[in-house]
Amino acid sequence: MSHSIQFSTPSRTLHLPHTPLHRPLSSFSFRPFPLTSTLNHTSLRLRASSSPDSSSSSSSSSPSLLHSPNGTPAVKPDDKSTGIDVDTVTEAELKENGFRSTRRTKLICTIGPATCGFDQLEALAEGGMNVARLNMCHGTRDWHRGVIRSVRRLNEEKGFAVAIMMDTEGSEIHMGDLGGDASAKAEDGEVWTFTVRAFDASRPERTISVSYDGFAEDVRVGDELLVDGGMVRFEVIEKIGPDVKCLCTDPGLLLPRANLTFWRDGSLVRERNAMLPTISSKDWLDIDFGIAEGVDFIAVSFVKSAEVINHLKSYLAARSGGGDIGVIAKIESIDSLTNLEEIILASDGAMVARGDLGAQIPLEQVPAAQQRIVKVCRALNRPVIVASQLLESMIEYPTPTRAEVADVSEAVRQRSDALMLSGESAMGQFPDKALTVLRSVSLRIERWWREEKRYEATPLPAIGSAFSDKISEEICNSAAKMANNLGVDAVFVYTKNGHMASLVSRCRPDCPIFAFTNTTSVRRRLNLQWGLIPFRLSFSEDMESNLNKTFSLLKSRGMIKSGDLVVAVSDMLQSIQVMNVP
Ligand SMILES: Nc1ncnc2c1ncn2[C@@H]1O[C@H](COP(=O)(O)OP(=O)(O)OP(=O)(O)O)[C@@H](O)[C@H]1O
Ligand SMILES: CC(=O)C(=O)O
Ligand SMILES: [K+]
Ligand SMILES: [Mg+2]
């Protein structure tokens, strides 16, 4: 006995015959309407009815149904029964503890000198890295190319779907590199020279180069100069041509290419900054490099408005043949907070870049800004990353502070999609340990959330404007609700462009979401989103056959077992099915 719920119009009842193969408990199927003028007269009617039970011949499982990211079967030719590509970490997690134990919060590692080797990258992937971030402020393009290719090789050889995020330098004011030094210590009372001169060879003692030619002109004696949002502070005491003499008033560690801001009478000086382009000419060259190397995301630093995002997206569409690269807006300036909603709507995701944000607004305002950005992203269905200083002390020490653990917990509790390591993984002494901390804290807080049954009080606003989008949204909302209420083991989502998967993820269901998609690039991009376990699958239009194949492949790998309860949705046939794994 099964039920189906249908959509109907006054003129026509749309009913999709359901052919259950796996003893479905129920099925709800409907198709999006063609977008015609009859839409205005559309009424929604829910009706329980008997579903015609036809014995469709299920196709037997194809050994290479699920492919590795490069499109080749991830199995050895002699292992025909297990043609499924999944990374070892997910597989082990699923086998050991079942669906419920998998981590939902995604983890991003900035790659730098501490982690750029193949073995180091592999250790990070094994440790749960979902996305590798490359900060174009540092390193040469050759260096970045080497990292990108290593990650790709890792994906191909081990079945990982680690995505690559390229982060633009932007044209804000920052220090130069330190002539090869990893850091420099500024002590209280010392006088340092900030200069727009370039050095030929070695850096003169207590001298720092500044990226912005107008610097010496713009600062005034008496201004306060903040490195990295106040990690080190100076007071401008004298200007001599291109050199600015500054007295250290708050000592600390100067890191290569650290951000610089200057303050006058308690306010950030930003007139000149506002004239600088968000995407500099160097950034455009980096973007071309990113397109050529096939990066998955471009994170745009110091976004001020939606315009620059739209501009970049149309450039990418023209250059890379359409939406293969996701554009992430970094929220790290006052302007980006002012124009938050329009920026997020224009983007494919956002980053709470707390490092620079904390240099532009008072530090005590950063937590509220973070909460707001996370909420807006969730409402508008864009993945959101919380970044910077999550485990800063772990650059030097093997254990985090209690405060850092509390900060990570809060980001997970806010249900952000991803957490990001910067210096901890790029140049810290304990990159693997920092990743382990992110992983274990995420798992613990996620479990706490489920145990406490802390469902969100506020419903998610409707976002789609086309009617078929609205249907997708309703299907995903309902599927997630059913998954929670029925206590199912997993939601399966079959999606071509990833949109349905993101809609399910947005609901943050209690169970993990297995996202099956037929392109490698979509698979990697889904790896940024909360709760999604992305697979590549060459699926057909026939959902029953897709399900059958998936079940047998996952079962043969011991990743699911008979009796597991699954809710399945798809963007080909807009339907919800609930069934036990046969
Ligand atoms: N590719 C790299 N090569 C060398 N060092 C790096 C690299 N990437 C990061 N680092 C080091 O890690 C530190 C922190 O990382 P990162 O600069 O990405 O911080 P961030 O505040 O997130 O950057 P930004 O605000 O510029 O995007 C840097 O100061 C630098 O010392
Ligand atoms: C990540 C970054 O750019 C910041 O926190 O400033
Ligand atoms: K950057
Ligand atoms: Mg920044």
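Residues numbered from 1 in each chain as written. Chains lettered and ligands numbered in written order. Predicted model: local features only at pLDDT ≥ 70, side-chain atom pairs only at ≥ 80, totals over all residues. Heavy atoms only, no water.

**A closer look at the pattern of salt bridges**
Pairing is possible between side chains that carry opposite charge, provided their charged atoms lie close to one another. Overall, the coordinates contain 30 salt bridges when judged by the stated rule. When the shortest N-O distance is used, the salt bridge between D167 and R133 registers 2.8 Å. Linking D167 in strand β8 (residues 163–167) with R133 in strand β7 (residues 129–135), this pair joins segments that are 34 residues apart in sequence. Summarising the burial analysis for this pair, D167 and R133 share the class buried. (Salt bridge = Lys/Arg side-chain N within 4 Å of Asp/Glu carboxyl O. Helix = DSSP H or I, 4+ residues; strand = E, 2+ residues; numbered from the N terminus. Buried < 20%, exposed > 50% of the residue type's maximum accessible area, 1.4 Å probe, protein only.)

**Remarks on empty space enclosed by the protein**
For the structure on display, the rule yields 5 cavities of 30 Å³ or more. Around the largest cavity, the lining is made up of 21 residues, and of these D87, T90, R103, N130 and N527 lie nearest the centre. Broken down by secondary-structure element, the contributors of at least two residues to the lining of the largest cavity are α1 (88–97), β7 and β25 (532–536). (1 Å grid on protein atoms, 1.4 Å probe; cavity = no way out; pocket = protein on both sides within 12 Å on 5 of 7 lines; lining within 4 Å. Points joined across faces, edges and corners; volume = space filled by probe spheres on them.)

**A look at the coordination of the magnesium ion (ligand 4)**
Only E332 (OE) and D356 (OD) from the protein reach the magnesium ion (ligand 4) as donors, at distances of 2.0 to 2.1 Å. Take E332: its relative accessible area is 1%, and that puts it in the buried class. (Donors = N, O, S within 2.8 Å, 3.2 Å for Na, K, Ca; no water.)

**As for the coordination of the potassium ion (ligand 3)**
Taken together, N135 (OD1), D167 (OD) and T168 (O) make up the full set of protein donors to the potassium ion (ligand 3), lying 2.7 to 2.9 Å away. Mapped onto the sequence, the donors of the potassium ion (ligand 3) take the spacing N-x31-D-T. Distance-wise, the magnesium ion (ligand 4) is placed 5.3 Å from the potassium ion (ligand 3). Relative accessible area serves as the criterion here: at 0%, D167 is assigned to the buried category.

**Describing the layout of surface pockets**
By volume, the second largest pocket is sized at about 670 Å³. As for the second largest pocket, its lining consists of 31 residues, and the residues nearest its centre are D348, R382, N497, H499 and S502. Listed by contribution, the elements that provide at least two residues to the lining of the second largest pocket are α7 (306–319), α15 (467–486), α16 (499–506) and α17 (520–526). By residue class, the composition of the lining of the second largest pocket is 11 nonpolar, 13 polar and 7 charged. (Nonpolar A, V, L, I, M, F, W, Y, C, P; charged D, E, K, R; others polar.)

**Comments concerning the site of ligand 2**
Close to ligand 2 lie R133, K330, E332, M351, A353, R354, G355, D356, S388 and M420. One of the backbone nitrogen or oxygen atoms of A353 is found 3.5 Å away from an oxygen atom of ligand 2. A distance of 3.4 Å separates an oxygen atom of ligand 2 from a polar backbone atom of R354. Relative to its free-state accessible area of 220 Å², ligand 2 is covered by the protein chains to the extent of 91%. Secondary structure elements with two or more residues in the shell around ligand 2: β20 (349–353) and α10 (354–360). In terms of residue count, the dominant contributor to the shell around ligand 2 is α10 (3 residues). (Near = heavy atom within 4 Å. Polar contact = N/O pair within 3.5 Å; in protein donor to acceptor, adjacent residues only side chain to side chain. Areas by Shrake-Rupley, 256 points an atom, 1.4 Å probe, with all protein chains shown as cover.)

**What about the sheet that holds strand β18 (residues 297–300)?**
Within the closed barrel, the 8 strands sit side by side as β6-β7-β8-β18-β19-β20-β21-β22. Their pairing is parallel. Strand-to-strand, the axes of this sheet are offset by a mean angle of 25 degrees, without reference to chain direction. Bridging between strand β21 (residues 384–387) and strand β22 (residues 418–421) involves 3 bridges; their strand directions are parallel. Bridging from a neighbouring strand, I385 pairs with A418 of β22. (Pairing = 2+ DSSP bridges. Axes fitted to C-alpha atoms, helices over the stretch in contact; angles between N-to-C directions.)

**A look at the sheet that holds strand β14 (residues 243–250)**
Strand order in the open sheet formed by 7 strands is β11-β10-β14-β13-β12-β16-β17, with mixed pairing between adjacent strands. With partners counted over all chains shown, the strands left at the sheet margins are β11 (207–209) and β17 (267–268), one partner each. One ladder, built from 4 bridges, connects strand β12 (residues 224–227) with strand β13 (residues 232–240); its direction is antiparallel. Bridging from a neighbouring strand, V227 pairs with V232 of β13.

**Description of the pairing of β13**
Once β12 ends, the chain turns through 4 residues before running back antiparallel as β13, passing D228 with a positive phi of about 55 degrees. Here β13 folds back onto β14, and the loop between the two strands holds 2 residues, one of which, G241, carries a positive phi near 55 degrees.

**Thoughts on the site of ligand 1**
Taken together, 17 residues are adjacent to ligand 1, and R133, N135, H138, K330 and D356 come closest. Here an oxygen atom of ligand 1 sits 2.9 Å away from a polar atom, N or O, in the side chain of R133. Isolated, ligand 1 exposes 610 Å² of accessible area, and the fraction of that covered by the protein chains is 82%. Broken down by secondary-structure element, the contributors of at least two residues to the shell around ligand 1 are β7 and α13 (423–426). Taken together, the residues of the shell around ligand 1 break down into 8 nonpolar, 6 polar and 3 charged.

**Description of helix α11 (residues 366–379)**
In a regular helix each residue adds 1.5 Å, so 14 residues correspond to 20 Å; α11 covers 20 Å between its end C-alpha atoms and thus fits that length. Restricting attention to buried positions, one finds in α11 the residues V366, A369, Q370, I373, V374, V376, C377 and R378. Remark: N381 follows α11 within two positions and exhibits a positive phi of approximately 60 degrees. (Expected span 1.5 Å × (residues − 1).)

**Structural notes on the packing of aromatic side chains**
Across all of its chains, the model carries 12 aromatic pairs by this definition. Arranged with centres 4.9 Å apart and planes meeting at 25 degrees, the rings of Y494 and F516 form a pair that is stacked. Pair noted here: Y494 is in strand β23 (residues 490–494) and F516 is in strand β24 (residues 513–517), with a separation of 22 residues, a long-range link. Accessibility expressed as a relative area gives 0% for Y494, which makes it buried. Taken together through their ring pairs, the aromatic side chains of F492, Y494, F514, F516, F535, F539 and F551 make up a single cluster. Taking the ring centre of F118 as reference, the NZ or CZ of R153 above it sits at 3.9 Å. (Phe/Tyr/Trp six-rings, centres within 6.5 Å; stacked < 30°, edge-to-face > 60°. Lys NZ or Arg CZ within 6 Å of the ring centre and 35° of its normal.)

**Topic: the UniProt feature "domain: Pyruvate kinase C-terminal" (unreviewed entry) in the chain**
Mapped onto this numbering, the UniProt entry gives "domain: Pyruvate kinase C-terminal" (unreviewed entry) at residues 473–572. End C-alpha atoms of residues 473–572 are separated by 14 Å, and the span's content is 43% helix alongside 21% strand. (UniProt positions renumbered as here; feature names shortened; annotations may be inferred.)

**What about the environment of Q370?**
With respect to the helices and strands, Q370 occurs in helix α11. When the C-alpha positions of Q370 and M165 are compared, they lie 21 Å apart, and in sequence the two are 205 residues distant. Once residues within four sequence positions are removed from consideration, Q370 is found in contact with V352, R354, V386, A411 and Q414. (Contact = heavy atoms within 4.5 Å.)

**Topic: the confidence of the model for the chain**
Mean pLDDT for the chain: 83, with 83% of residues reaching 70 or above. Ignoring residues within four places in sequence, the model shows residues 1–82, a span with pLDDT below 50, making 180 contacts including any to other chains. Interface confidence for the predicted complex, given as ipTM, is 0.98, next to a pTM of 0.84. (pLDDT = per-residue confidence, 0-100.)

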